[in-house]
Number of protein chains: 2
Amino acid sequence: MSQDRFPVAVEAAATAPRIRPSIYPEPFASMMAGRVKHPLGDLFGLGNFGVNLVRLAPGAVSALRHAHARQDEFIYVLEGTPSLVTDAGETPLAPGMCAGFKAGTGDGHHLVNRGDTEAVYLEVGDRTPGDTATYPDDDIAAVQDKDGTWRFLHKDGTAY
Amino acid sequence: MSQDRFPVAVEAAATAPRIRPSIYPEPFASMMAGRVKHPLGDLFGLGNFGVNLVRLAPGAVSALRHAHARQDEFIYVLEGTPSLVTDAGETPLAPGMCAGFKAGTGDGHHLVNRGDTEAVYLEVGDRTPGDTATYPDDDIAAVQDKDGTWRFLHKDGTAY
């Protein structure tokens, strides 16, 4: 029975954070200091999409600015005032605001917390196989293996 | 360019609600009075999953209690104190709480707002094709056609 394996409901902020802070190769992984993710969807055994509660300390970034080829993403701001960076420039966000990142547009996005207080938001992403990610501002490219694992390359195709 | 077609970010509560309040056949559609959905994912052109901001007036329900065969669902409570009904009984929720409904468990769920104030939550559901939904408490069953349209039947297989 599902009740034996998964909780009925949880308080999101009280859940355990992910232990591994970033899967990026260095020097990028260290740039994710100040970002903490609580994997909420996994707690309930969800397989088709992931949902994380993400906390960004002042100065922290959500990710390298990136665009997915096949997977959609969505964010909803709960606390704080993170800035959303896309090809359109920088858009200030506030609690109750949301944004979606349709796969395949090539428009890279990430969040930067330029505020003095922690920013907290929900992020949703699906698990469509065969995804790739491009990074307009950094020398990195990502391809997803059949088992869902991400591999990172330099833009010239050499491995990290 | 994506910026020409979709907004960069929006205030979720200020977006337009869905015009058609329910796709259930009667008498079930009328039972969804007091439920208002704001389709957020659609605003950004997302195709792999949907995200709605849902508002439940006091006394309103989120849906008939149901379970999906293939599609996962997730909810995050923003305001109010809706109750989550599953096979485990009734679980009181509050802002900051979340729940996930893994496809295929057969454990039906819905939310009932037994509070005196509006309940507001986010709901996420993917769009895995070939889904069906079962309803433990009502004489209804749902199958999804190849184009994603839901068809509703009585439990004996006859059409509504």
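Residues numbered from 1 in each chain as written. Chains lettered and ligands numbered in written order. Predicted model: local features only at pLDDT ≥ 70, side-chain atom pairs only at ≥ 80, totals over all residues. Heavy atoms only, no water.

Points about the interface of chain B and chain A
And then number 1: With 45 residues of chain B at the interface, the matching set in chain A holds 45 residues.
And then number 2: For the pair chain B and chain A, the summed buried surface comes to about 3,200 Å²; carbon and sulfur atoms form 68% of the total.
And then number 3: Of all residues in chain B, the largest losses of buried area upon contact with chain A belong to Val8, Phe49 and Phe74 of chain B, amounting jointly to 16% of the total for that side.
And then number 4: Between chain B and chain A we count zero salt bridges in total.
And then number 5: Counting residues per element, the ones that place at least two in the side of chain B that touches chain A are α1 (2-5), β1 (10-11), α2 (40-43), β3 (49-56), β5 (73-79), β6 (83-86), β8 (97-101) and β10 (119-126) of chain B.
And then number 6: With five residues, the top contributor of residues to the side of chain B that touches chain A is β8 of chain B.
And then number 7: For the side of chain B that touches chain A, the class distribution of residues is 23 nonpolar, 14 polar and eight charged.
And then number 8: Pairing of strand β8 (residues 97-101) of chain A with β1 of chain B involves two bridges; the strand directions are antiparallel. Note on β1 of chain B: the bridge partner recorded for Cys98 of chain A is Val10 of chain B. (Contact = heavy atoms within 4.5 Å. Buried area = accessible area lost by both parts, 1.4 Å probe. Salt bridge = Lys/Arg side-chain N within 4 Å of Asp/Glu carboxyl O. Helix = DSSP H or I, 4+ residues; strand = E, 2+ residues; numbered from the N terminus. Nonpolar A, V, L, I, M, F, W, Y, C, P; charged D, E, K, R; others polar. Pairing = 2+ DSSP bridges.)

A few points about the sheet that holds strand β1 (residues 10-11) of chain A
Backbone-to-backbone hydrogen bonds pair the strands of a sheet. The strands run either parallel or antiparallel.
And then number 1: An order of β1(A)-β8(B)-β5(B)-β10(B)-β3(B)-β2(B) is seen for the six strands of this open sheet, with the pairing classed as antiparallel. Because the sheet does not close on itself, it has two edges, and the strands there are β1 of chain A together with β2 (35-39) of chain B.
And then number 2: Where β2 of chain B meets β3 of chain B, five bridges bridge the pair, whose relative direction is antiparallel. Each bridged residue has a counterpart across the sheet, and for Pro39 of chain B the counterpart in β3 of chain B is Asn52 of chain B.

Description of the nonpolar core
And then number 1: Judged by nonpolar contacts, the single largest core of 30 residues is most densely connected at Phe74 and Tyr76 of chain A together with Phe74 and Tyr76 of chain B.
And then number 2: Only β3 (49-56), β5 (73-79) and β10 (119-126) of chain A together with β3, β5 and β10 of chain B provide two or more residues apiece to this core. (Core = buried A, V, L, I, M, F, W, Y, C linked by side-chain atoms within 4.5 Å. Buried < 20%, exposed > 50% of the residue type's maximum accessible area, 1.4 Å probe, protein only.)

A short note on the UniProt feature "domain: Cupin type-2" (unreviewed entry) in chain A
And then number 1: UniProt records the feature "domain: Cupin type-2" (unreviewed entry) at residues 53-124 of chain A, using the numbering of this structure.
And then number 2: Between the end C-alpha atoms of residues 53-124 of chain A there is a gap of 9 Å, over a span that is 0% helix and 49% strand. (UniProt positions renumbered as here; feature names shortened; annotations may be inferred.)

Quick notes on the packing of aromatic side chains
And then number 1: Considering all chains together, one arrives at eight aromatic pairs over all chains under this definition.
And then number 2: Pairing Tyr24 of chain A with Tyr135 of chain A gives two aromatic rings, centres 6.3 Å apart and planes at 80°, and the pair type is edge-to-face. In this pair, Tyr24 of chain A sits in the loop between β1 and β2 (35-39) while Tyr135 of chain A sits in the loop between β11 (132-134) and β12 (141-144), placing the two residues 111 residues apart along the sequence. As far as the burial class goes, Tyr24 of chain A and Tyr135 of chain A line up, both buried.
And then number 3: Each ring, one from Phe74 of chain A and one from Phe44 of chain B, has its centre 6.4 Å from the other, and the planes form 70°; the classification is edge-to-face. Within this pair, whereas Phe74 of chain A is found in strand β5, its partner Phe44 of chain B is found in the loop between α2 and β3, the two belonging to separate chains.
And then number 4: Take Phe74 of chain A: its relative accessible area is 1%, and that puts it in the buried class.
And then number 5: A residue is classified by how much of its surface remains accessible, and Phe44 of chain B, at 1% relative accessible area, is buried.
And then number 6: Here the aromatic residues Tyr24, Tyr135 and Phe152 of chain A are joined through ring pairs into a cluster of three or more. (Phe/Tyr/Trp six-rings, centres within 6.5 Å; stacked < 30°, edge-to-face > 60°.)

Some thoughts on the relation of the copies chain B and chain A
And then number 1: Taken as rigid bodies, chain B and chain A are interconverted by a rotation of 180° and an axial shift of 0.0 Å, the fit giving an RMSD of 0.0 Å. Taken together, the rotation and translation relating the two chain copies correspond to the operation of a two-fold axis. (Least-squares fit on C-alpha atoms with pLDDT ≥ 70 in both.)

As for the environment of Pro17 of chain A
All names here are of chain A.
And then number 1: By the secondary structure assignment, Pro17 is in the loop between β1 and β2.
And then number 2: Using a relative accessible area of 41% as the deciding quantity, one classes Pro17 as partly exposed.
And then number 3: Sequence separation between Pro17 and Lys37 is 20 residues; the distance between their C-alpha atoms is 5.5 Å.
And then number 4: Residue contacts for Pro17: discarding those within four places in its chain leaves Val36, Lys37, His38 and Pro39.

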